[in-house]
Amino acid sequence: NPVVLQGECKPGSLRGCPVDQFHLNISRWQLYLHRDPNMEPLTQQLATHRIVSAVQKSGGTQLKLVMSFPNYGQAMLKPMKQERDEETNYNLYYFSDFERHNAEIAAFHLDRILGYRRVPPVAGRLVDVVKEIKDITTDRKLARTFFTSPVGNVCFYGQCSYYCSTEHAVCGRPRHLEASLAVMLPDLSLASRRTWRSPWRRSYSRSKLAKWETEPDYCSTVKKTPPYDKGTRLVDFMDMVILDFLMGNMDRHHYETFEKFGNNTFLLHLDNGRAFGRHSKDEPSILAPLEQCCRIRRSTWLRLRLLSLPQYRLSDVMRASLFSDPLHRVAPLLSEPHLAALN
């Protein structure tokens with residue numbers, strides 16, 4: 001059964017309403033269909049349709065905006081914070097890293113290539129900071145943070161826990177800003193979601209270790225704990241672990257599911273902005289759940305074997321997939337070292 005329909009379009013028709021169609025197609029096992037005919041109009045809307053509203057999303061540690069379209073659809077905007085060829089500073093802890101717009105885009109493509117379809121569709125876009133944010137926002141707190149830089153670029157910084165200051169402002173060039181736009185899931189009032197603490201959550205401390213880092217037999221405890229003691233939840237979690245390892249994402253502290261489907265459903269792979277930070281070093285600790293539990297879904301294992309073959313190398317498949325994103329015309333969304341690191 002589908003989740004719900006958000007907003008109303010033309011009576012008796014969903015033509016011109018790809019966001020609503022996306023919501024209708026959400027099922028117990030995936031966010032969208034394999035070879036979904038709605039994917040092209042949906043990503044086109046994210047990349048090109050007129051934006052009628054821009055407000056800052058409350059909560060979270062870094063700057064995010066909720067953008068609204070004329071047909072009731074909404075998207076989450078994450079602005080460009082880091083050049084594509086930059087690597088995360090080795091002196092930064094994982095919880096202090098920037099969120100990258102191109103990581104959100106690349107995560108969607110990688111998730112789809114792996115056959116998961118659990119990351120909400122994302123598209124890159126060049127946003128006019130003045131016309132599409134400053135001039136239309138009704139968010140007074142956001143509006144107060146706009147300024148013009150010494151070289152004439154239009155900048156803003158919003159309000160958040162990290163990197164929301166004039167020193168870490170987001171700036172256009174001079175007013176065009178690269179950003180990722182991820183389609184919003186159905187409103188919580190229509191399709192509630194449950195948040196689950198990851199059993200392999202990091203300590204988010206500079207000095208303490210998490211239980212899984214000190215107890216070699218930690219998985220035995222997890223496997224006896226609901227919902228990991230039955231059904232597919234444990235191998236669903238391993239799918240997410242594999243995605244995070246390939247992206248270098250150490251920031252998976254929680255995950256969500258749709259409450260309507262109970263415990264027998266897929267995990268949403270949300271908030272991937274801290275992925276693809278380093279290409280020169282793998283982070284083997286991300287694979288701790290896989291190493292400790294020795295569990296993997298057969299279809300995932302077969303897909304990984306396929307993507308290891310010379311004619312289907314993951315780096316080549318990713319490069320081809322990312323070529324379809326509108327921001328590829330500005331610059332490749334992942335640098336060649338990042339693509340090579342996927343192999």
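As a convention, each chain's residues are numbered from 1 in the sequence order in which they are written. The predicted nature of this model means local features are confined to residues of pLDDT at least 70 and side-chain atom pairs, given and counted, to a pLDDT of 80 or more, with totals for whole chains, interfaces and linings taken over all residues. The side-chain values count all of the structure's non-hydrogen atoms but skip hydrogen atoms and water molecules.

Here the focus is unusual backbone geometry. With an omega of -15 degrees, the peptide bond between Arg 173 and Pro 174 qualifies as cis. Put simply, DSSP marks the helices as runs of H or I at least four residues long and the strands as runs of E at least two long, and each gets a number from the N terminus on. Relative to the elements of secondary structure, Pro 174 occurs in the loop between β7 (170-171) and β8 (176-183). At the junction of Pro 226 and Pro 227, the peptide bond is cis and its omega measures out at 5 degrees in the coordinates. Positionally, Pro 227 belongs in the loop between α7 (218-223) and α8 (233-247). A positive phi angle, near 60 degrees, is found at Tyr 163, a position not held by glycine. In this structure, Tyr 163 sits in the loop between β6 (154-156) and β7. On the accessibility criterion, Tyr 163 (16% relative accessible area) is buried. Residue exposure (1.4 Å probe, protein chains only): buried if accessible area is under 20% of the type maximum, exposed if over 50%, otherwise partly exposed.

Per the UniProt record, "binding site: ATP" (unreviewed entry) is annotated on Gln 62, Lys 78, Glu 99, Ala 182, Val 183, Met 184, Leu 185, Glu 256 and Asp 271. Secondary-structure assignment places Val 183 in strand β8. A relative accessible area of 3% places Val 183 in the buried class. The contact criterion used throughout is that any non-hydrogen atoms of two residues lie within 4.5 Å. When residues no more than four places from it in sequence are discounted, the contact partners of Val 183 are Val 19, Phe 22, Leu 42, Leu 46, Gln 74, Ala 75, Pro 120 and Pro 121. Position of Asp 271 relative to the elements: it lies in the loop between β10 (254-258) and α9 (288-293). Apart from residues no more than four positions distant in its own chain, Asp 271 is found in contact with Lys 78, Glu 104, Asn 249 and Arg 252. UniProt positions are given in the numbering used here, feature names are shortened, and annotations may be inferred rather than shown by experiment.

A word on the pairing of strand β1 (residues 53-56). Judged by which residues are buried, β1 turns out to be one-sided: Ala 54 and Gln 56 face inward and are buried, whereas Ser 53 and Val 55, on the alternate face, are not. In terms of strand pairing, β1 meets strand β2 (residues 65-68) through four bridges, oriented antiparallel. Residue pairing across strands places Val 55 opposite Val 66, the latter belonging to β2. Note on pairing: two strands pair once DSSP finds at least 2 bridges between them.

This part is about α8. With 15 residues, α8 should cover 21 Å at 1.5 Å per step; its first-to-last C-alpha distance of 21 Å lies within 8% of that length. Phi turns positive one or two residues past the end of α8, at Gly 248, with a value near 70 degrees. The span one expects for a helix is its residue count, reduced by one, times 1.5 Å.

As a further point, take the sheet that holds strand β3 (residues 74-79). With respect to topology, five strands assemble into an open sheet ordered β1-β2-β3-β8-β4, the strand pairing being antiparallel. Two strands close off the open sheet at either side, each with one partner strand: β1 and β4 (122-128). Strand-to-strand twist in this sheet, taken as the mean axis angle between neighbours without regard to direction, amounts to 35 degrees. Bridge count between β4 and β8: seven bridges; the pairing is antiparallel. Axis angles are defined between N-to-C directions and span 0 to 180 degrees, where every axis is a line fitted to C-alpha atoms and, for a helix, only to the segment in contact.

Pairing is antiparallel across the open sheet formed by three strands, whose spatial order is β5-β6-β7. Lying at the two open borders of the sheet, with one neighbouring strand each, are β5 (147-148) and β7. Two strands pair when backbone bridges link them, and β6 and β7 are joined in this way by two bridges, in the antiparallel orientation. When the bridges of β7 are listed, Phe 156 appears paired with Val 170.

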